[in-house]
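Results of the structural survey
Here is what each chain is made of, one letter per residue.
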Amino acid sequence: MTFHHLMLFLHLLGVIVWVGGMAFAYLCLRPAAIVLPPAQRLPLWDDVLARFFPLVWVAIALIVGSGVGMLHEVGFARAPKAWHLMLVTGAVMTAVFVSIWFGPWRALRAGVANENWAAAAVALNRIRQRVGFNLALGVVTTAIATLGLAL
């Protein structure tokens, strides 16, 4: 095992957790949970996201740390153009997640805690929109990573 293989494994592990988690939440859990009344659906999402979001922070640390390690290994100037694009898309995805964490996520938690289902639903919808954007960007980033190495 080389340093590069270890960094690539950690990088992919972070991506799998983050993008895979978003795909599961958006494409599987959301359609299944939509039939529940707000007093059941919103606490469910609050609990799910309370478990998932700390994993996203770990995934971001793995992705950034391993990405920096791989860039350091080859040098920023000699890195493939696809790596530079992934750096940009990854930064945007991280910014979107931070905006969720400090914005609608806090509003969802407060709405559920106060049983203010209308406010919690608005917050969850904002989270959904941003997760949808991040999921699409994650798929684009994966395409860049796997199809764009010839750039």
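First, a word on what this report is: a plain description of the structure on this page. Since the model is a prediction, treat every value here as computed from it, not as a measurement. Position numbers for residues start from 1 in each chain and track the written sequence from start to end. pLDDT decides what is reported in this predicted model: residues at 70 or higher carry local features, side-chain atom pairs at 80 or more are listed and counted, and totals for whole chains, interfaces and linings draw on all residues regardless. For side-chain calculations, the full set of non-hydrogen atoms in the structure is used, while hydrogens and water are omitted.

**A look at the overall build of the chain**
Put simply, the test is: Numbering of helices and strands runs from the N terminus; a helix is a DSSP stretch of H or I covering at least four residues, while a strand is a stretch of E covering at least two. Two residues qualify as a contact provided that any one of their heavy atoms is within 4.5 Å of a heavy atom in the partner residue.
Scanning the chain for helices and strands turns up five helices and zero strands. Traced from its N-terminal end to its C-terminal end, the chain shows the element sequence α-α-α-α-α. If one aligns the C-alpha atoms of the chain with their principal axes, the spans along those axes are about 55 × 25 × 20 Å. A fraction of 80% describes how many contacts in the chain between residues 6 or more apart in sequence connect residues 24 or more apart.

**Thoughts on the packing of aromatic side chains**
Note the following rule: Here is the rule: rings of Phe, Tyr and Trp (six-membered ring for Trp) pair when centre to centre is within 6.5 Å. Planes less than 30 degrees apart are stacked, more than 60 are edge-to-face, and the remainder are tilted. Relative accessibility thresholds used throughout: buried, under 20% of the residue-type maximum; exposed, over 50%; partly exposed, between the two (1.4 Å probe, protein chains only). Note on criteria: charge over ring means Lys NZ or Arg CZ within 6 Å of the ring centre, with the direction from the centre no more than 35 degrees off the ring normal.
Counting across every chain of the model gives nine aromatic pairs. Ring centres of W18 and F97 lie 6.4 Å apart, and the angle between their planes is 75°; on these two criteria the pair is classed as edge-to-face. Of this pair, W18 sits in helix α1 (residues 3-33) while F97 sits in helix α3 (residues 81-102); the two residues are 79 residues apart in sequence, bridging distant segments of the chain. One exposure class covers both W18 and F97, and it is buried. On the basis of relative accessible area, F97 is assigned to the buried category, the value being 2%. One aromatic cluster is present, formed by W18, F52, F53, W57, F97, W101 and W105 through successive ring pairs. Above the plane of the ring of Y26 lies R30, whose end atom (NZ or CZ) is 5.8 Å from the centre.

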